[in-house]
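# Overview (structure and organization)
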Amino acid sequence: MDLRLVYVSSSKNPADRDARKLRLSDAMLSPMKWNFVEQRKKLSLEKEIEKFLFGGEPVKCLKSDSPLDVRRFMVMKDSRGKTQVHGLSCEFLGKLGIHSCQCPLTLAAGTVQSMLGQLKDIFESNGRGSEWNEITKIGNPLCSPKVDKYLHAIQFEQSKSHVVQKQAKPLFLDQLRSISAHIDDLLLDPVLKSSERFIFLRDQAFFKVQYFSGDGKNDFGFHKRLSYYHKVMFFYFHTK
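A brief report on the enclosed structure follows. (Residues numbered from 1 in each chain as written. Predicted model: local features only at pLDDT ≥ 70, side-chain atom pairs only at ≥ 80, totals over all residues. Heavy atoms only, no water.)

### Side note on the overall build of the protein chain
Defined as follows: Labels follow the DSSP assignment, with helices taken as runs of H or I lasting at least four residues and strands as runs of E lasting at least two, numbered in each case from the N terminus. Only protein chains enter the calculation, and the probe is 1.4 Å; a residue is then buried if its accessible area is under 20% of its type maximum, exposed if over 50%, and partly exposed in between. Note on definitions: a residue-residue contact is assigned when non-hydrogen atoms from the two residues lie within 4.5 Å. Accessible surface area values rest on a Shrake-Rupley calculation with a 1.4 Å probe, where residue burial reflects the displayed protein chains alone.
Secondary structure assignment for the protein chain yields 9 helices and 4 strands. The N-to-C order of helical and strand elements in the protein chain reads α-α-α-β-β-α-β-β-α-α-α-α-α. Taken over 240 residues, the protein chain has a buried fraction of 32%. A separation of at least 24 residues holds for 57% of the contacts in the protein chain among residues at least 6 apart in sequence. Of the roughly 16500 Å² of accessible surface on the protein chain, 60% is carried by carbon and sulfur atoms.

### Points about unusual backbone geometry
In the segment running from E57 into P58, the intervening peptide bond is cis, with an omega of 5°. Of note, K137 is a non-glycine position whose phi angle comes to about 60°, a positive value. Mapping K137 onto the fold places it in the loop between β3 (132–133) and β4 (138–139). For K137, a relative accessible area of 45% translates into the label partly exposed.

### Looking at the nonpolar core
This is how it is decided: Nonpolar core, defined: a set of buried Ala, Val, Leu, Ile, Met, Phe, Trp, Tyr and Cys residues in which side-chain atoms within 4.5 Å join the residues together.
Counting 22 residues, the largest nonpolar core has F73, M74, V112, L116 and L119 as its most contacted members. No other element matches the 7 residues that helix α4 (residues 109–128) contributes to this core. Among all residues touching L119, those that are not within four sequence positions of it are L45, I49, F73, M74 and L142. If you look at the next biggest cluster of nonpolar residues, it comprises 6 residues, including I183, L187, L201 and F207.

### Structural notes on helix α6 (residues 173–187)
This is how it is decided: What a helix is expected to span follows from its residue count: subtract one and scale by 1.5 Å. As used here, the arc belongs to the directions running from the helix axis to the C-beta atoms.
End to end, α6 covers 21 Å across 15 residues, agreeing with the expected 21 Å (1.5 Å per residue, within 8%). Within the sequence span of α6, burial applies to L176, S180, I183 and L187. With its buried residues spanning 60° around the axis, α6 presents them on a single face.

### Points about the packing of aromatic side chains
Going by this rule: Within 6.5 Å between ring centres, the rings of Phe, Tyr and Trp (the latter by its six-membered ring) count as paired, and their orientation is classed by plane angle as stacked under 30 degrees, edge-to-face over 60, tilted in between.
This structure, assessed with the given rule, holds 1 aromatic pair. Where F52 meets F73, the ring centres are 5.5 Å apart and the plane angle is 65°; that geometry is what we call edge-to-face. Of this pair, F52 sits in helix α2 (residues 31–54) while F73 sits in helix α3 (residues 67–78); the two residues are 21 residues apart in sequence, bridging distant segments of the chain. The buried category is assigned to F52, whose relative accessible area is 19%.

### Some details on the pattern of salt bridges
Two side chains carrying opposite charge are able to pair once their charged atoms lie near each other. Which entries qualify depends on this criterion: Definition used for salt bridges: Asp or Glu carboxyl oxygen within 4 Å of a side-chain nitrogen of Lys or Arg.
For the structure shown, the criterion picks out 8 salt bridges. Salt-bridge contacts for D69 lead to K60; the nearest nitrogen and oxygen are separated by 2.8 Å. Classification of D69 as buried rests on a relative accessible area of 6%. K60 gets classed as partly exposed once you look at its relative accessible area, which sits at 23%.

### Focus: α4
Between the first and last C-alpha of α4 there are merely 25 Å, a value that for 20 residues lags more than 12% behind the 28 Å anticipated at 1.5 Å per step. For α4, the set of buried residues is A109, V112, M115, L116, Q118, L119, I122, F123, N126 and R128. One or two positions beyond α4, positive phi appears at G129, with a value near 75°.

### Some details on the packing of α3 against α4
Cut-off, in case you're wondering: For helices, the fitted line uses only the C-alpha atoms of the stretch in contact; every axis is such a line through C-alpha atoms, and the angle between N-to-C directions lies from 0 to 180 degrees. Here roughly perpendicular refers to angles of 65 to 115 degrees, roughly parallel to angles under 35, roughly antiparallel to angles over 145, and oblique to all remaining angles. Left-handed describes a crossing whose near helix is turned anticlockwise from the far helix by less than a right angle; the clockwise case is right-handed.
Their axes nearest at 12 Å, the elements α3 and α4 cross at an angle of 140°. Our classification of the angle between α3 and α4 gives oblique. In this structure, α3 crosses over α4, and the sense of that crossing is right-handed. Of α4, the residues touching α3 (which contributes V70, F73, M74 and K77) are V112, M115, L116, L119 and F123.

Structure, rendered in structure tokens:
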């Protein structure tokens, strides 16, 4: 393999096309963009609870909302959930997905917790403060012990029903070794496109870092992707 360095402009390098796409993805996932998305979500939630309070009896607003109103709103939201909570006698207990049983669909406990946190910020930004006085019934209703009990009840119910939280599947060392060996075989293909070779070499280098670096791979993953590609390609060619 020829390791001599020759400058090729990005527009003329087909292997750089994927890097340009990921550079655009980095821009889309910047903190500023994420903050914009989160603000839009919070604004949508604020409008939704305002509409809920206005349509109730008696009519209320964010300035007069109580912990009871918050729980009523969350019960309404909970009815639109997609997490099925099975009874202890249900045959689908502990299984992922939505099944044909009559067990109710609710919001996941993590979603409820996140939504309550957003509501707390909404009420705080509307002058309700960050505390709740149980005697005077004044303050932020999301800080009420009754709302905390509601969240704990949701968490307890779902843990008792063996609701499995979705999470990324771990990669074990034997799997990394198998993946690397498979990529080695793919790289032997003489008709492999340059863009495909770039992707395989990039992934191969990253898997090798994961295999040999232990917990250091977590720090490695925080590098900017653009500089990351240069690092992994350098690592690959010097450890091959």
